[in-house]
Protein chains: 2
Amino acid sequence: MALYVQKFGGSSVADVERLQRVAQRIYDTKQAGFDVVVVVSAMGKTTDDLVKLAREVNADPSDREYDMLLSTGEQISISVLAMALHALGIGAVSMTGPQAGIQTDASHVKAKITNIEPARVQAEIDKGNVVIVAGFQGINPNNDIATLGRGGSDLSAVALAAALKADRCQIFTDVDGVYTADPRVVKNAQKLDVISYDEMLELASLGARVLQSRSVEFAKKFGVEIEVLTSFEVKPGTVVKEEEAMESVAVRGVAADENQAKVTVQTLPDKPGAAAELFKKIAEAGINVDVIVQNVSDAGATDISFTVEKDDVTKVKGVLGTEGILYDEGIAKVSVVGIGMRSHTGVAFRMFQALADNDINIEMISTSEIKVSVVIQESQANLALEKLHAAFGLDA
Amino acid sequence: MALYVQKFGGSSVADVERLQRVAQRIYDTKQAGFDVVVVVSAMGKTTDDLVKLAREVNADPSDREYDMLLSTGEQISISVLAMALHALGIGAVSMTGPQAGIQTDASHVKAKITNIEPARVQAEIDKGNVVIVAGFQGINPNNDIATLGRGGSDLSAVALAAALKADRCQIFTDVDGVYTADPRVVKNAQKLDVISYDEMLELASLGARVLQSRSVEFAKKFGVEIEVLTSFEVKPGTVVKEEEAMESVAVRGVAADENQAKVTVQTLPDKPGAAAELFKKIAEAGINVDVIVQNVSDAGATDISFTVEKDDVTKVKGVLGTEGILYDEGIAKVSVVGIGMRSHTGVAFRMFQALADNDINIEMISTSEIKVSVVIQESQANLALEKLHAAFGLDA
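Residues numbered from 1 in each chain as written. Chains lettered and ligands numbered in written order. Predicted model: local features only at pLDDT ≥ 70, side-chain atom pairs only at ≥ 80, totals over all residues.

(A) Local environment of the overall build of chain A. If you tally the helices and strands in chain A, you get eleven helices and 20 strands. Relative to a compact globule of 396 residues, whose C-alpha radius of gyration would be 21 Å, chain A shows 23 Å and is just as compact. The principal-axis extent of the C-alpha atoms belonging to chain A is close to 75 × 50 × 35 Å. Burial analysis of chain A (396 residues in total) assigns 46% to the buried set. Put simply, 74% of the contacts in chain A that link residues at least 6 apart link residues at least 24 apart. (Helix = DSSP H or I, 4+ residues; strand = E, 2+ residues; numbered from the N terminus. Rg over C-alpha atoms; globule rule 2.2 N^0.38 Å. Buried ≥ 20, exposed ≤ 12 C-beta atoms within 10 Å, placed from the backbone. Contact = placed C-beta atoms within 7 Å.)

Structure representation (structure tokens):
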């Protein structure tokens, strides 16, 4: 019998009525002849309420106790969802992350999954039961509950799918799939039936916040087929998997990331080690750098520009100061993504031409095997997306 | 270093302010030089809210899922209380019942503690940490969370105190100790400094609902000294322990149980096995019988009367019918309790005389080594308590 892992986020189980709709969805999948393992997040605002409670007694709660507290949110969801399935007359067993054999490293709040021992989950599947597993949590080597951090429930689902050799991991969200561009910005954005792991990774890191990169990387590593679909309607979503025959497609989608700021260090000494020293300081302050470009050297000194998240600008100023450094928070990174461009020339040219035709000035350029990104003024980001979407033939 | 186990019920941690007062109390105990293990219940109405949530999706939730759901209430309390202690600057570690090594039998909702493996708790005590354990829960042989049922948190505390060989188990409640009678009924009721396990057991089963019998029995079996005290003020409570030199005290307290009904079976055949057959039927229906008296035989038939809880009267009627059976729900059982009466004659006589002096008719009598109980009309129960309290010199 084919096995599906189905993951429902907090908004899908925000209240009793929605949770019952989720139960019905699981019931339908089971009736259609599939074995089902469900991964579920905390109901609606539960996690926020727990965080608020913690802050009331301690401004800086310990990570271990924070995990102990927050993990109750998912434990509530799994037991209530099991009860709802029982009310529909099908066998269901809830399991905490620890009971489902999800093992993590010793860190808290953002623990990493180190191993899954799925014997107990498998035994319940073999009995014909739906197994409902608490997302976002596992057990660490100290026998303590650890949470997996942002996007952790998706990761729980993908990791369980890998360990159980599931046929598919369905991630239910409030959008109905992955689009060629953000549908709120680009009217003609099209839902994709299929996308490769690498393309999804580039899009996830570029602001198409459907799936966390962490889950996609895991899925790619273990060959787990993911489907992103909506929990509010019954219709197919977008399947994320390894694709082989996609030479005909050059560009899969366009995306903008407006949460970036540009930092330019003027007159960096043009000698070995100067850039290394600069980025060592940045790394030691825990700041992630995205695009880096260095201009040609001019009379023994050079310009270097890089982008960081807007939230990190204050930290960068603390490390580098403001003298001889330019900060620009009014930028956006716009990218075109597609596995096909590996074997297609001319993508970069077409991109630059489309931008030039619309008087959009390019400030930085960065390329990877399957992506071309440009940094432009933030005010032109939506225009750029629309024009690029059309230029690459992504409109319907 | 002396070790105290401190148990705080749901009303003691009903909101953040009260929980912080509990943290201060623990802090003070620690500062006074004690090691402390804390057992805590769910905050205020948490359990009620969870029960309500369960009922919304399933009128008859499975016991296993019910335990999975309800156990989150205590998990929230322990982590938040640990955070509150951290805010006061002392080391504290929360543990679920399973983590604290509380093992139960395979039943759910009203599981029995089968064993405690306190190694992890002891290790944290040895590091100087306060250990905060979730009450009301343990882990069963299936590696599932099981709850202990009514009074379960008291039992968790007493059992941990036994396993850790603690010097005392302090049970914090909303009353400041055990009284010679219910202070709401008897104006002159006095707080007791000390009471024996057996006396406490008789009083608990007689409506002095400070401690569940189950916890007192456990404490007696393992010689755990209990102190019942209030969480709202700092003052000594009542110590429950094995007493040796109490010959001078005849009666420790008086109590009334108004939740009883009297059943009289008229003309039971006066032959071997008749009573056994009657009570076999009652037992098979899961009904607990308290006092039983049989009158002298008269012409081959006899009367037998017994008391049951008022709630069970309907069940008894279902088993025995109403023909030749009298039911009286307007009764109360009034008892005088005291270890001293083992070696003092005349307690029963003084009791009956005091009741007769006040025109209170006795319908049934039952005695044990440390208790004399009479069944009287419910309307006279308060008067009886007051007069008996005075007659046995318990007024101040």
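(B) Structural view of the packing of helix α3 (residues 63-87) of chain A against helix α2 (residues 46-57) of chain B. At a closest axis distance of 8 Å, the pairing of α3 of chain A and α2 of chain B adopts a crossing angle of 30 degrees. By the angle between their axes, α3 of chain A is roughly parallel relative to α2 of chain B. Where α3 of chain A crosses over α2 of chain B, the two elements pack in a sense that is right-handed. Of the residues in α2 of chain B, those in contact with Val80, Met83, Ala84 and Ala87 of chain A of α3 of chain A are Leu53, Ala54 and Val57 of chain B. (Axes fitted to C-alpha atoms, helices over the stretch in contact; angles between N-to-C directions. Parallel < 35°, antiparallel > 145°, perpendicular 65-115°, else oblique. Left-handed = near helix turned anticlockwise from the far one by under 90°.)

(C) Structural context of the nonpolar core. The biggest cluster of nonpolar side chains holds 218 residues, and the ones touching the most others in it are Leu81 and Val133 of chain A together with Leu81 and Val133 of chain B. Excluding its chain neighbours within four sequence positions, the residues that come into contact with Val133 of chain B are Val37, Val38, Val39, Ile78, Met95, Gly97, Ala100, Val121, Ser156 and Leu160 of chain B. (Core = buried A, V, L, I, M, F, W, Y, C linked by C-beta atoms within 7 Å.)

(D) Seen up close, helix α7 (residues 213-222) of chain A. Among the residues making up α7 of chain A, those that are buried are Arg214, Ser215, Val216, Phe218 and Ala219 of chain A. Of the residues one or two after α7 of chain A, Gly223 of chain A is the one with positive phi, at around 65 degrees.

(E) A look at the interface of chain A and chain B. Counting residues at the interface gives 27 residues for chain A and 27 residues for chain B. When contributions to the side of chain A that touches chain B are tallied by element, the ones reaching two or more residues are α1 (16-31), α2 (46-57) and α3 of chain A. The element best represented in the side of chain A that touches chain B is α3 of chain A, accounting for 14 residues. Of the residues contributing to the side of chain A that touches chain B, the split by class is 15 nonpolar, ten polar and two charged. (Nonpolar A, V, L, I, M, F, W, Y, C, P; charged D, E, K, R; others polar.)

(F) Main features of unusual backbone geometry. Unusually for a residue other than glycine, Phe136 of chain A sits at a positive phi of about 75 degrees. Mapped onto the secondary structure, Phe136 of chain A falls in the loop between β6 (130-134) and β7 (137-139). For Asn143 of chain B, which is not a glycine, the phi torsion comes out positive at approximately 65 degrees. In this fold, Asn143 of chain B is placed in the loop between β7 (137-139) and β8 (145-147). Assessed through the 11 C-beta atoms surrounding it within 10 Å, Asn143 of chain B is described here as exposed.

(G) How the structure looks around the sheet that holds strand β14 (residues 260-269) of chain A. Residue and element names in this part refer to chain A. Reading across from one edge, β15-β16-β14-β17 is the order of the four strands in this open sheet, with antiparallel pairing throughout. The open sheet has two edge strands with one neighbour each: β15 (289-294) and β17 (325-328). Taken over all neighbouring pairs, the strand axes of this sheet differ in orientation by 15 degrees on average, direction set aside. For β14 and strand β16 (residues 301-309), the ladder comprises eight bridges, and the chain directions are antiparallel. Of the residues in β16, the one forming a bridge with Pro269 is Ala301. Lying on the sheet, helix α8 (residues 274-284) is in contact with β14, β15 and β16; it crosses β14 at an angle near 140 degrees. (Pairing = 2+ DSSP bridges.)

(H) Up close: the environment of Asn288 of chain B. Residue and element names in this part refer to chain B. Summarising the element assignment, Asn288 is placed in the loop between α8 (274-284) and β15 (289-294). Taking the C-beta count within 10 Å as the criterion, Asn288 has 10 such neighbours and is therefore assigned exposed. Considering only alpha carbons, one finds Asn288 and Glu309, 21 residues apart in sequence, at a separation of 7.5 Å. Not counting the four nearest positions on each side in its chain, Asn288 is found in contact with Val308 and Glu309.

(I) The arrangement of the confidence of the model for chain A in detail. Of all residues in chain A, 95% attain a pLDDT of 70 or more, and the chain-wide mean is 91. Both confidence scores are given for the complex: pTM 0.83, ipTM 0.82. (pLDDT = per-residue confidence, 0-100.)

(J) Up close: the relation of the copies chain A and chain B. Once chain A has been moved 0.0 Å along the axis and rotated by 179 degrees, it coincides with chain B to within an RMSD of 0.3 Å. A rotation of that kind, with that shift, is consistent with a two-fold axis. Scanning chain A for the C-alpha nearest the rotation axis identifies Thr72 of chain A, at a separation of 2.9 Å. Comparing interface residues between copies, 100% of those in chain A also lie at the interface in chain B; the contact surface is shared. (Least-squares fit on C-alpha atoms with pLDDT ≥ 70 in both.)

(K) Spotlight on the sheet that holds strand β18 (residues 331-337) of chain A. Residue and element names in this part refer to chain A. Strands sit in the order β13-β18-β20-β19 across an open sheet of four strands; the sheet is antiparallel. Whereas interior strands pair on both sides, the edge strands pair on one side only; in this sheet they are β13 (253-257) and β19 (364-368). Each neighbouring strand pair of the sheet contributes to a mean axis angle of 20 degrees, computed without reference to strand direction. Bridge analysis of β19 against strand β20 (residues 371-377) gives five bridges, and the strand direction is antiparallel.

(L) Local environment of the pairing of β16 of chain A. Pairing analysis gives four bridges linking β15 of chain A to β16 of chain A, with the strands arranged antiparallel. Considered in β16 of chain A, the bridge of Val293 of chain A is made with Ser305 of chain A.

(M) Broad picture of the environment of Tyr197 of chain B. Residue and element names in this part refer to chain B. Checked against the element boundaries, Tyr197 lands in helix α6 (residues 197-205). Judged by C-beta crowding, with 22 C-beta atoms within 10 Å, Tyr197 ranks as buried. The sequence separation of Tyr197 and Leu320 amounts to 123 residues, and the corresponding C-alpha distance is 36 Å. Setting aside residues no more than four positions away along its own chain, Tyr197 makes contact with Val216, Ala219, Lys220, Val240 and Glu242.

(N) Here's a closer look at the packing of α1 of chain A against α3 of chain A. All names here are of chain A. α3 packs onto α1 with a crossing angle of 60 degrees between their chain directions and a minimal axis gap of 9 Å. Between α1 and α3, the angle falls in the class oblique. Like other packed secondary-structure pairs, α1 and α3 cross with a definite hand, here right-handed. From α1, Leu19, Gln20, Val22, Ala23, Ile26 and Tyr27 reach across to α3, where they touch Val80, Leu81, Ala84 and Leu85. When grouped by side-chain class, the residues that make up the contact of α1 with α3 number nine nonpolar, one polar and no charged.

(O) Geometry of the environment of Ala390 of chain B. By secondary structure assignment, the location of Ala390 of chain B is in helix α11 (residues 381-391). The spatial distance from the C-alpha of Ala390 of chain B to the C-alpha of Leu203 of chain B is 18 Å, given a sequence separation of 187 residues.

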